[in-house]
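Now for the letters of each chain:
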Amino acid sequence: MDTDKLQLASDDDFKSIDFEHKISNSKTVSLHDICAQFRQAMSEAEALGESVAYRVYRVLFEVTSYYFNPDDKAEPYSPMMQMDGKRSAIPSDFSREQSRVLASIGSQVKHSAVRARLSDVGWLADRRNHLAATTAIEAFVDTVEEMMAGRLAPEAEEPTFRWHDARRFLARALVIGRASGWDKPAVARAKAVLASLRADAFRVGDQGAFAGYAALDLAQGVSDTAQIATEAEAMAASTEGSPYQTAEFWMMAARAHQRSRNEEAAARCQIAASEAHVRFAEASPGSALMATHHLTHAIELLRGVPKRLRPPGRVEALGASLVRRQADIRDEMATVTRPIDLGDIVEQTIAAFKDASLSQCLARFATLDNVIARVDLEKQALEQARQSPFASIFAGSQHDREGKVVARTGSSDFAAAPEGDALKSEISRRLGLDRHIIVPGCIEPARMFIHNTHSIAANDLAPILFHSPFVPEDRRHTFSVGFQRMFAGDYMSAAYFLIPQIENSIRYLLKQAGQDVSIINANQTQEDIGLSALLGRLRPQLENVVGQDIAFYLEMLFDFRGGPNLRNTITHGLMDDDQFWSIDTRYGCWFVYFLTCACLLPHWNEVFRDE
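None of the values given here were measured: they were computed from a predicted structure.

**Q** What exactly am I supposed to notice about the overall build of the protein here?
**A** If you tally the helices and strands in the protein, you get 28 helices and eight strands. With 611 residues in all, the protein has 55% of them scored as buried. Carbon and sulfur atoms provide 50% of the accessible area of the protein, an area that totals close to 26900 Å².

Here it is as structure tokens:
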């Protein structure tokens, strides 16, 4: 955003413009629609040379354009668009005086969602402004009540969006309440509304709404934890046909019992969650990788229960089942190919997403590129060498942005075919050219469409992360935040969240296949094997799990010094600001998403059965 051109819109400017007239017919909580109306008004004012109106509508346009992410306590508002190192507005772009003006006028705005946004942004700039905090909390609660009463429409027509939006607004209200005064009447009202909505969802058996409200209630400590535990147990018992929802409700009940210091009840619920994972493993006869993933989780949950409260011999029995299923892991991530029409690639991409539901969009996003078989990549590289024989007689080098040589390839005999690193360098070059088509032609148009059409939140990604054998249970939140940032176009954050996880997830896959991924040093200390060794010494074992082709892509994208070398570049702080929006980094983040979804794609409807 060009902040130098953002002029201050003063109190007097706002008082002189009836800006609410422009949104008087708006009956939705979606600020995306209101933002578009302010943008049109801004353009009209600019065309007419009305400088005061332009300043007012420009500020309103920017402040309503933010991407709202209430689950991020540190940065609840992020840019709606980020691309090539540029972005749209964020709250810190405004001067302190502009934020004060927004807080001042916010309390007078009639539309509750706009009132909440202006007051919240004003409070973020000055946490001592308790009036702005109180106004924002009350406005968020007003928005929820108006939406639940039907006076305001949710962001989308899908039934889940009503509770989804209500949970998000209440989450932000309670975060402000925690920071500004937990015992204030406005906060008490937000707590009461949340408790009421949770109770209503439980009474009617709305699993998704109850899960959202109860998780927020438990996290914020609003209601009696024993009551939440009782309700979560009842919901778990009513969802026996759905292992995913069952396990989540049992674990919610376990956490609630733990908060109530009821150790035996917490253990009982955690054991039930473990058994739900076992049932899902048994219901996955066609996917040994998915089955071992759930058996691993089942064992981990059981081991988290005090030994005196565990079923005797159950961990050992599940361990034996895990070993049996591990023997069946072969070629779960098969290579597929499809032709691409480069003439209308963007139009075809968008057309494939236009009429799709969110779950369908998430699946299609994972299939935007194909893993080309290694043997075909080598054939293509050798054919290129045959057609350009003089190229192979010269040694090559790869330089970083400071001019330092980071990789070299030696020369070869005029008649000899390239091999070793020389062959890999040619393959890397060709894959890089392909990425320059796939990223701007497929990945970015699809990502922008999903981001602008759907509000990607943690609960949208939860079924994927719950079932994916690529995601360890203790890294689900990390992957969730990383993918949310990726869909929002914040590749700097996404890369830091996702790409370093590649190494750990590969170890996790190998562990599920029964492979030891640690080494004992000469001084008798033990450490995990690093990425280069995983892709080298343990390459045969890795290929047995993910296949030769995906293992090769992992090497070429994340570890080969003659390629993007993304894992090492990010982990060692070698990536500058611009490189986070490079084609290679964007593709790397997408590839982590692909790996997360790959073996789930044949079972996608089952994964999202309850969504």
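**Q** How do you make sense of the nonpolar core when you look at a structure like this?
**A** Generally speaking, nonpolar side chains in soluble globular proteins are found buried as a group. One finds Phe 14, Phe 19, Tyr 57 and Phe 140 to be the most contacted residues of the largest nonpolar core, which totals 87 residues. No other element matches the nine residues that helix H6 (residues 130–148) contributes to this core. Apart from residues lying up to four places away in sequence, Phe 14 is in contact with Ala 9, Phe 19, Val 56, Val 59, Leu 60, Gln 98, Val 101, Leu 102 and Ile 105. Core analysis: the second largest hydrophobic core is formed by 86 residues, Val 371, Ile 499, Ile 529 and Ala 551 among them.

**Q** Where do I start with the pattern of salt bridges in this structure?
**A** Think of it this way: side chains of opposite charge can pair up when their charged atoms draw near. Tallying each qualifying case throughout the model produces 36 salt bridges. The salt bridge partner of Arg 55 is Asp 13, with a shortest N-O separation of 3.2 Å. Remark: Asp 13 occurs in helix H1 (residues 11–16) and Arg 55 occurs in helix H3 (residues 51–64); sequence separation between them is 42 residues. The two residues Arg 55 and Asp 13 agree in class, both being buried. Linking Glu 275 and Arg 314 is a salt bridge whose minimum nitrogen-to-oxygen distance equals 2.8 Å. Remark: Arg 314 occurs in helix H14 (residues 314–326) and Glu 275 occurs in helix H12 (residues 263–282); sequence separation between them is 39 residues. For Arg 314, a relative accessible area of 25% corresponds to the partly exposed category. When salt bridges that share partners are traced, they join Arg 115, Asp 142, Glu 145 and Arg 189 into one network.

**Q** What is the right way to look at unusual backbone geometry in this model?
**A** If a residue is not glycine, its phi is most likely negative; likewise, a peptide bond is most likely trans. Unlike most non-glycine residues, Arg 261 shows phi in positive territory, near 60°. Tracing the backbone through its elements, the reader meets Arg 261 in the loop between helix H11 (243–259) and H12. The class for Arg 261 is exposed, based on a relative accessible area of 78%. Unusually for a residue other than glycine, Asn 565 sits at a positive phi of about 50°. Relative to the helices and strands, Asn 565 resides in the loop between helix H25 (548–559) and helix H26 (566–571).

**Q** Where do I start with the packing of aromatic side chains in this structure?
**A** Each aromatic ring pair is described using two quantities: the centre-to-centre distance and the angle formed by the ring planes. The tally for this structure, following the rule as stated, stands at 25 aromatic pairs. Aromatic side chains Phe 68 and Phe 140 sit 6.1 Å apart centroid to centroid with 5° between the ring planes, which places their arrangement in the stacked category. Pair noted here: Phe 68 is in strand S1 (residues 67–68) and Phe 140 is in helix H6, with a separation of 72 residues, a long-range link. Of the two residues examined, Phe 68 and Phe 140, each falls in the buried class. Counting every residue linked through ring pairs, the aromatic cluster contains Phe 365, Phe 470, Phe 479, Phe 483, Phe 487 and Tyr 593. Looking at Arg 127, its charged tip hangs above the ring of Trp 123, at a distance of 4.4 Å from the centre.

**Q** Please explain the side chain of Arg 115 as it appears in this structure.
**A** Note on placement: Arg 115 falls in helix H5 (residues 112–125). Each residue touching Arg 115, except ones within four places of it in the same chain, is listed here: Gly 106, Ser 107, Val 109, Lys 110, Thr 135, Ala 139 and Asp 142.

Calculation rules
- Residues numbered from 1 in each chain as written.
- Predicted model: local features only at pLDDT ≥ 70, side-chain atom pairs only at ≥ 80, totals over all residues.
- Heavy atoms only, no water.
- Helix = DSSP H or I, 4+ residues; strand = E, 2+ residues; numbered from the N terminus.
- Buried < 20%, exposed > 50% of the residue type's maximum accessible area, 1.4 Å probe, protein only.
- Areas by Shrake-Rupley, 256 points an atom, 1.4 Å probe, with all protein chains shown as cover.
- Core = buried A, V, L, I, M, F, W, Y, C linked by side-chain atoms within 4.5 Å.
- Contact = heavy atoms within 4.5 Å.
- Salt bridge = Lys/Arg side-chain N within 4 Å of Asp/Glu carboxyl O.
- Phe/Tyr/Trp six-rings, centres within 6.5 Å; stacked < 30°, edge-to-face > 60°.
- Lys NZ or Arg CZ within 6 Å of the ring centre and 35° of its normal.

By themselves these figures say nothing about function.
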